[in-house]
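Understanding the architecture of this molecule
What follows is each chain in one-letter form.
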Amino acid sequence: MVVADVLGPDFDAIRREEYGYLDDEGLVYLDHTGAGLAARSQRRAHAERLSGATYGNPHSEHPASVASTTLVENTRHAILDHFNADPDRYAAVFTANATGACRLVGEAYPFRRGTRLVLPIDNHNSVNGIREYARAGGARTQYIGLTGAELRLDGAALRAALARHRGLFAYPAQSNFTGVRHPLEWIGVAQEHGYDVLLDAAAYTPTNVLDLSVVQPEFVAVSWYKVFGYPTGVGCLLARRDALARLRRPWFAGGTIEAVSAQGGWHRMAGDESAYEDGTLNFLAIPDVAHGLAWVDSLGMRAIHDRVADLTAHLLAGLAELRHHCGAPLIRVYGPDTVSARGGTVALNILDAAGAVVDERIVARDTAAAGICVRTGCFCNPGAGEAAFAIGRRTLRGAVLRTAASGGTLDDYLTRLGLPSGGAVRVSLGLPSTTADVDAFLDFVSRTYRDRATDARGLAPRLRC
């Protein structure tokens, strides 16, 4: 395993030794916001652990069960330590992913008439879906818009919304669409106005330090595969214990209770984190989280942050230089065009020689054929997409109603919205990324789309604009 020395990590050596399988497969992987990648040492550690001992269901007291319980609890402590979270103040609840963490909060939060759920429109659907729980409880959902070309949260509108009523404020520390890092200071502002805060940290934690001794949201949602690739199927809800005590789960399950009676019709929930961990935990995978944390901590999260910031600056500068022969831009970037208060997620569209957007579905086909891994679409973040493409509420409602009434297709819907494409192209960088990866993408775009026009079938012959 390559670790950091006094000069910092040698990320190029790390790429060769721990992630060289990418080069062996001829892949340019630029979808780190979709999923991180596992180091070879992580894979080896998993195999060695499973071959070295016997692990059983942690809900028992026999030796195989105790072995599992010990590793699970060690991982719980490693998570709290990684976030500098006081274990007397915070609990780490294991979930399947960040989506599962958001669902736990949504289903159990005490929404009622007179309370509010306040959401920026820049939110993943895993957070947007909480509005259905709010609606069922009689609470109102209020969306806050984005401002400017950088698509940052409208602070004045947010303060105005928080000044009324009380409830839950849920927002992403980093947008999974534009890469914008929304200020963590909003946590304290919302709390001062009597709101609980759910921080979606899924896109933030892979390349940023989140210190829960400095900011203390009531709830934090994390997916570990986004941080270090493996294991999948394990996430976490970090919850302040005082806030966790205010939640009321609408059901119980195996492992969540201290006692229950089938005929008596009563039950008592467990008094700790296990009240929110339904059924049997993924006890064979959870210990891999501890190894993943040890891996990124050995490199240093600040070093990872700086590395990705440097690569993002290189990517943004390269995109700005891409031009057709006549000087027209090849790229339209959504969100910040510098690395100021932004992460390594860059959303863009490719423009053809006539200035039209190249349908992202064409780009998906072309990049896949070239062995380049990027994400296309709206990335489960419709609000940021609507802001990026300047689609107003009236246009949206009209397009939905007319398309539904006519039984129309997705293309019909996009036409009514005035869009030539169903979304954008997302390039995202992470720990294993290199300058060569960025240059390979820039070169591909220039070679494939420069001085070309497109239609629904693909690229026309090369021309001069």
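For the structure itself, consult the block above.
About the thresholds
- Residues numbered from 1 in each chain as written.
- Predicted model: local features only at pLDDT ≥ 70, side-chain atom pairs only at ≥ 80, totals over all residues.
- Heavy atoms only, no water.
- Axes fitted to C-alpha atoms, helices over the stretch in contact; angles between N-to-C directions.
- Helix = DSSP H or I, 4+ residues; strand = E, 2+ residues; numbered from the N terminus.
- Left-handed = near helix turned anticlockwise from the far one by under 90°.
- Contact = heavy atoms within 4.5 Å.
- Nonpolar A, V, L, I, M, F, W, Y, C, P; charged D, E, K, R; others polar.
- Core = buried A, V, L, I, M, F, W, Y, C linked by side-chain atoms within 4.5 Å.
- Buried < 20%, exposed > 50% of the residue type's maximum accessible area, 1.4 Å probe, protein only.
- Pairing = 2+ DSSP bridges.

1. Considering the packing of helix α4 (residues 63-82) against helix α12 (residues 286-299)
A pair of packed helices is characterised by two quantities: the angle between their axes and the separation of those axes. Between α4 and α12, whose axes approach to 8 Å, the crossing angle comes to 35 degrees. Pair α4 / α12 crosses with left-handed handedness. For the pair formed by α4 and α12, the contact residues are L71, V72, T75, A78, I79 and H82 on the first element and I286, P287, V289, A290, L293, V296 and D297 on the second. Grouping the constituent residues of the contact of α4 with α12 by class yields ten nonpolar, two polar and one charged.

2. Quick notes on the nonpolar core
With 86 residues, the main nonpolar core has I79, F169, L210, W224, L238 and F441 as its most contacted residues. Residue contributions to this core peak at seven residues, all from helix α13 (residues 301-321). For I79, the residues in contact, after removing those within four places along its chain, are A92, F94, W224, C236, L238, V289 and L293. Within the second largest apolar cluster, 30 residues are counted, among which are V105, A108, I130 and L198.

3. Regarding the sheet that holds strand β4 (residues 140-144)
Reading across from one edge, β2-β10-β9-β8-β7-β3-β4 is the order of the seven strands in this open sheet, with mixed pairing throughout. At either margin of the open sheet sits one strand with a lone partner, and together these are β2 (90-95) and β4. The mean inter-strand angle of the sheet, taken between neighbouring strand axes irrespective of direction, is 20 degrees. Note: strand β3 (residues 115-120) against β4, five bridges, orientation parallel. The partner of P120 across the bridge, within β4, is I144. With respect to the sheet, α4 is in contact with β2 and β10 (235-240), its orientation differing from that of β2 by roughly 125 degrees. Sheet strands in contact with helix α8 (residues 155-162) are β3, β4, β7 (166-172) and β8 (195-200), and its direction is about 160 degrees off that of β4.

4. What to know about the pairing of β3
The buried fraction of β3 is high, at six of six residues. Residues T115, L117 and L119 point to one face of β3 and R116, V118 and P120 to the other, with burial holding for every one of them. Sheet topology note: the β3/β7 ladder contains four bridges and is parallel. Looking at the pairing, T115 lines up with R166 of β7.

5. Points about unusual backbone geometry
In this structure, P231 follows Y230 across a cis peptide bond, with omega equal to 10 degrees. Assignment of secondary structure puts P231 in the loop between α10 (224-228) and β10.

On their own, these measurements won't tell you what the molecule is for.
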